[in-house]
Amino acid sequence: MNSTTLREVSNLSGSIGDVKQRLAQRIGGGWGSYRLGSSTTVSRSSLCDFGSGATERAKEMLLSPRADRYHADDPVFCNDLVKDITVMYMEKEKQAEGQAANDQVVVSPKYLTYQPEINEKMRMILVDWLIDVHLKFKLHSETMYLAVNILDRYLSCVSTKQSSGTYVARSQLQLVGITAILLAAKYEEIWPPEVKECVHISANTYTREEVIKMERSVCAALSFRLTVPTPFPFIVRLLSVMEGLVHSGSLSEDYTLQLPLLRHTALFFLEHGMLDYKCLRFKSSQQANASLFLALVTLRIKQKGGSCSFAGETIWTRQLQHYSRAKVHDFKACAEAILEFVNYVPTTKYQAVRRKYSSAKYGEVAKLIMPNEVPDY
């Protein structure tokens, strides 16, 4: 190999490093940063308008639901596939309801009963720490949700083998957590963190070999099944529907200025649900529906100057019922559980979510007046 070739390889390596550095410095963007069914975040402003004036495209827009017309020419929103993806996730949820608790895709809501050294508080501490790790590594939101899902599924799967004496020791819980976020990052990210970074961020409590061994154990226990319905794709779908409905005139113009705040508030509630072990008894779609509903109620309170009276108002509109395939009574219990936990968290020292959403970057939504109760409509 001559010197020219070596120089070209060197330049290529430098370019890759520059790209990785730029990606590592990314921050969460607007609506266009959220994606469904893709592992790459693309900025809406960088996309070209492909054939927006074509007759066939115009016909498709007329035939498509009103909420999806706004994103009809934006590839980021996977407009041609988003309905199929959402239906697929809903079908997976229904299939999971009838499956055994030791199945690789099902989280048992009672798995801690069979974990003699782990309790709800320990899980809360771990997930709270994982949220901080996710922010430190600047990972995508879906990576965090998948990591917690992997964590719960692994603990659920292992806990069902109690008869053979297999369970996760307390000293190994953080190892399972950092391995879960490593696996989720490999699945979702372009540049996942390296093993040595995971070892470092866990204060060198574990060795590189232990992380790799745990990675094998998790993958084997879950049979490498990582494509599962987490709450994130459901909330992304609902938020894009809200944006489409506002711009189509189906909802009040009052929502226009509140769309970014609505996104942050919905994710604020959803991440609290992720922290709460009791929320595992609810489906991912229920958690997403409940979080958006609570966000709408919270912003309505803000709009009314702190008043919690909703007499004669409909929060969960017919359009939202159509796209979510759910009415308020379908997820009210979940909304009540999340709201109760949101009010409980300030009394603890585990403040990763509240700290995150108290910043100006996320609209300081943690400082908003929260509802006293969950309305019925």
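Residues take numbers from 1 onward in each chain, read along the sequence in its written order. Where local features are concerned, this predicted model is filtered to residues with pLDDT of at least 70; where side-chain atom pairs are given and counted, the filter is 80 or more; whole-chain, interface and lining totals use all residues. By convention in this description, side-chain values take in all heavy atoms of the structure and omit both hydrogens and water.

Looking at an unreviewed UniProt entry, one finds the chain named CYC2-like cyclin, putative and attributed to Trypanosoma cruzi. Checking UniProt for the chain, the heading Sequence similarities (unreviewed entry) contains the comment "Belongs to the cyclin family." UniProt positions are given in the numbering used here, feature names are shortened, and annotations may be inferred rather than shown by experiment.

1. What about the overall build of the chain?
The helix and strand tally for the chain stands at 15 helices and zero strands. By the burial criterion, 50% of the 377 residues in the chain qualify as buried. Computed with the Shrake-Rupley method and a 1.4 Å probe, the accessible areas treat only the protein chains shown as cover for residues. Accessible area of the chain: about 18,500 Å², with a carbon and sulfur share of 52%. By the criteria applied, helices consist of DSSP H or I runs no shorter than four residues and strands consist of E runs no shorter than two, each listed in order from the N terminus. Buried residues are those whose accessible area, probed at 1.4 Å on protein chains only, stays under 20% of the maximum for their type, while exposed residues exceed 50% and partly exposed ones sit between those limits.

2. Digging into the side chain of Arg237
Locating Arg237 in the fold gives a position in helix α10 (residues 231-247). By relative accessible area, Arg237 is classed as buried at 8%. Residues are treated as being in contact if the distance between any of their heavy atoms lies within 4.5 Å. In contact with Arg237, not counting residues within four places along its chain, are Asp68, Val82, Lys83, Thr86 and Tyr323.

3. Let's talk about the environment of Glu243
On the secondary structure map, Glu243 appears in helix α10. For Glu243 and His71, which are 172 residues apart along the polypeptide, the C-alpha to C-alpha distance reads 9.3 Å.

4. Notes on the side chain of Asp276
Among the secondary structure elements, Asp276 is positioned in the loop between α11 (259-275) and α12 (284-303). Residues scored as charged are limited to Lys and Arg (positive) and Asp and Glu (negative), so that His and the chain ends carry no count. Here, a salt bridge means any side-chain nitrogen of Lys or Arg that lies within 4 Å of a carboxyl oxygen of Asp or Glu. Buried within the structure, Asp276 lacks any salt-bridge partner; its nearest side chain of opposite charge belongs to Lys278, at an N-O separation of 4.7 Å. With near-sequence residues (within four places) excluded, Asp276 lies in contact with Arg123, Ala337 and Phe341.

5. Concerning helix α4 (residues 82-97)
Residues three or four positions apart in an α-helix share a direction because the helix packs 3.6 residues into each turn. Taking 1.5 Å of rise per residue, the 16 residues of α4 would be expected to cover 22 Å, and the 23 Å separating its terminal C-alpha atoms lies within 8% of that figure. Buried within α4 we find Val82, Ile85, Thr86, Tyr89, Met90, Glu93 and Ala96. Buried residues of α4, seen end-on, are gathered within an arc of 135° and therefore sit on one face of the element. Along α4, the residues that are exposed and aim more than 90 degrees away from the buried face are Asp84, Lys94 and Gln95. In this structure, the buried side of α4 is in contact with α10, α12 and α13 (318-324). By this rule the span expected of a helix is its residue count minus one, scaled by 1.5 Å. Relevant arc is that of directions from the helix axis to the C-beta atoms, nothing else.

6. Looking at helix α14 (residues 328-344)
Over its 17 residues, α14 runs 23 Å from end to end, which matches the ideal 24 Å to within 8%, given 1.5 Å per residue. Remark: the principal bend of α14, roughly 30°, maps to Cys334. Contacts from the buried residues of α14 go to α5 (120-136), α11, α12 and α15 (352-356). Bend at a residue means the angle formed by two fitted axes: the first through the 7 residues ending at that position, the second through the 7 residues beginning there.

7. Section: the pattern of salt bridges
Evaluation of the coordinates by the stated rule reveals seven salt bridges. Ionic pairing is found between Glu120 and Lys278, a salt bridge with its closest N-O pair at 3.2 Å. One end of the pair, Glu120, is in helix α5; the other, Lys278, is in the loop between α11 and α12, with 158 residues separating them in the sequence. Relative accessible area serves as the criterion here: at 46%, Lys278 is assigned to the partly exposed category.

8. A closer look at the environment of Arg325
Tracing the sequence through the fold places Arg325 in the loop between α13 and α14. Using a relative accessible area of 59% as the deciding quantity, one classes Arg325 as exposed. Residues Arg325 and Met90 lie 235 residues apart in sequence; the distance between their C-alpha atoms is 9.8 Å. Sequence-distant contacts of Arg325, defined by excluding residues within four places in its chain, comprise Val87, Met90 and Leu320.

9. Some details on the nonpolar core
By nonpolar core we mean a set of buried residues, namely Ala, Val, Leu, Ile, Met, Phe, Trp, Tyr and Cys, connected to one another through side-chain atoms within 4.5 Å. Residues Ile235 and Leu292 are the most contacted members of the largest nonpolar core, which totals 105 residues. A total of 11 residues in this core trace back to one element, the largest contributor, which is helix α6 (residues 141-159). Both of domain 1 (101-220) and domain 2 (229-365) provide at least three residues apiece to this core. Just so you know, the domain bounds were taken from an automatic or database domain assignment.

10. What to know about the packing of aromatic side chains
To pair, rings of Phe, Tyr and Trp, with the six-membered ring standing in for Trp, must have centres within 6.5 Å; the planes then decide the type, stacked if under 30 degrees apart, edge-to-face if over 60, and tilted in the middle. Going through the model one piece at a time under the given rule, you end up with 10 aromatic pairs. Here Tyr145 and Phe232 contribute two aromatic rings whose centre-to-centre distance is 5.5 Å and whose plane-to-plane angle is 35°, an arrangement assigned as tilted. Of this pair, Tyr145 sits in helix α6 while Phe232 sits in helix α10, and the two are 87 residues apart along the sequence. The exposure class assigned to Tyr145 is buried, which follows from its relative accessible area of 3%. These aromatic residues form a ring-pair network of at least three members: Phe268, Phe269, Tyr357 and Tyr362. In our convention, an over-ring charge means Lys NZ or Arg CZ found within 6 Å of a ring centre and within 35 degrees of that ring's normal. Directly above the ring of Tyr362 sits Lys356, whose terminal nitrogen or CZ lies 5.3 Å from the centroid.

11. Observations regarding the packing of α11 against α14
Angles run from 0 to 180 degrees between N-to-C directions of axes, and those axes are lines fitted to C-alpha atoms, restricted for helices to the stretch in contact. Look at α11 against α14: their axes get within 9 Å of each other, and the N-to-C directions meet at 85°. Viewed along their axes, α11 and α14 adopt a mutual orientation that is roughly perpendicular. Residues Phe268, Phe269, His272, Gly273 and Leu275 of α11 form the contact with α14, whose participating residues are Ile338, Leu339, Phe341 and Val342. Three residue categories are used. Nonpolar comprises Ala, Val, Leu, Ile, Met, Phe, Trp, Tyr, Cys and Pro, charged comprises Asp, Glu, Lys and Arg, and polar comprises the others, including Gly. Partitioned by chemical class, the residues of the contact of α11 with α14 number seven nonpolar, two polar and no charged. Note on angle classes: values under 35 degrees are labelled roughly parallel, values over 145 roughly antiparallel, values of 65 to 115 roughly perpendicular, and the remainder oblique.

12. Quick word on the packing of α10 against α12
Packed helices, taken two at a time, are described by their axes: the angle between them and the distance between them. One can describe the packing of α10 onto α12 by two numbers: an axis separation of 8 Å at closest approach and a directional angle of 40°. Our classification of the angle between α10 and α12 gives oblique. The way α10 lies across α12 gives a crossing that is right-handed. Contact residues: α10 offers Pro231, Phe234, Ile235, Leu238, Leu239 and Met242, while α12 offers Ser284, Ser285, Gln287, Ala288, Asn289, Ser291, Leu292 and Leu296. Crossings are classed by handedness, with left-handed meaning an anticlockwise turn of the near helix from the far one by less than a right angle and right-handed meaning a clockwise turn.

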